Amino acid sequence: MIYNEPYPHHIIDNFIDDEIAHKLSNDFMSYDSPNWFIYNNQIEVKKSCNNWYNFPEETYKFFQYLNSSTFV
């Protein structure tokens, strides 16, 4: 289903098993982790991490799956 507010987007029900979603959420790096790269300039303030190896194992596996030919 396509929704239009606040911008066009899709919602996929049951996209991730609840148990996996909770594990990923609980294991995610803390906001204060030194592994984040911080952008802080005139147009943005954000954190990113381009090194997948800095993420917990389950998160890394999930990233691998999302980038797999099976998923894509």
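The structure presented is a predicted model; accordingly, all values stated were derived computationally and were not measured.

(A) Representation of the environment of Ser25. Within the secondary structure, Ser25 sits in helix H1 (residues 18–27). In the structure, Ser25 is positioned 38 residues away from Phe63 in sequence and 13 Å away in space, judged by C-alpha atoms.

(B) How the structure looks around the environment of Pro8. Here Pro8 shows up in the loop between strand S1 (2–3) and strand S2 (9–10). Residue classification places Pro8 among the exposed residues on the basis of a relative accessible area of 63%. A C-alpha to C-alpha distance of 34 Å links Pro8 and Pro34, two positions 26 residues apart in sequence.

(C) Looking closely at H1. The element H1 is barely covered by neighbouring structure, given that only one of its ten residues are classed as buried. The N-capping residue of H1, defined by a side-chain oxygen 3.1 Å from the backbone nitrogen of Glu19, is Asp17.

(D) Here's a closer look at the packing of aromatic side chains. Applying the stated criterion across every chain yields a total of ten aromatic pairs. With a centroid separation of 6.1 Å and an interplanar angle of 80 degrees, the aromatic rings of Trp36 and Phe55 are classed as edge-to-face. Of the two residues, Trp36 is situated in the loop between H1 and strand S3 (37–40) and Phe55 in the loop between strand S4 (45–48) and helix H2 (57–66); the sequence distance between them amounts to 19 residues. One exposure class covers both Trp36 and Phe55, and it is buried. When the ring of Tyr53 is compared with that of Tyr60, the centres are 5.3 Å apart and the planes differ by 25 degrees; the resulting orientation is stacked. A residue is classified by how much of its surface remains accessible, and Tyr53, at 66% relative accessible area, is exposed. Taken together, the aromatic side chains of Phe28, Trp36, Trp52, Tyr53, Phe55, Tyr60 and Phe63 make up a single cluster linked through ring pairs. The ring of Tyr39 carries the charged tip of Lys46 above its face, separated from the ring centre by 5.0 Å. For the cation-ring pair, Lys47 lies above Tyr31, with the distance from its terminal atom to the ring centre recorded as 3.6 Å.

Criteria and thresholds
Numbering of residues starts from 1 in every chain and runs along the sequence as written. With the structure being a predicted model, the display of local features is reserved for residues of pLDDT at least 70 and the display and counting of side-chain atom pairs for 80 or more, all residues being used for whole-chain, interface and lining totals. Only hydrogens and water are set aside when side-chain values are computed; all heavy atoms of the structure are taken into account. Runs of E in the DSSP output that reach at least two residues are strands. Runs of H or I that reach at least four are helices, and both are numbered from the N terminus. The classification of residues rests on relative accessible area computed with a 1.4 Å probe and restricted to protein chains. Under 20% of the type maximum is buried, over 50% is exposed, and intermediate values are partly exposed. We define a polar contact as two N or O atoms separated by no more than 3.5 Å, with the added condition that, inside protein, one atom must be a possible hydrogen donor and the other a possible acceptor, whereas residues neighbouring each other in sequence contribute only through side-chain atom pairs. The criterion for an aromatic pair is that two Phe, Tyr or Trp rings (for Trp, the six-membered ring) have centres within 6.5 Å, with stacked assigned to planes under 30 degrees apart, edge-to-face to planes over 60 apart and tilted to the rest. Here, over-ring charges are defined by two tests on the NZ atom of lysine or the CZ atom of arginine: distance to the ring centre within 6 Å, and angle to the ring normal within 35 degrees.

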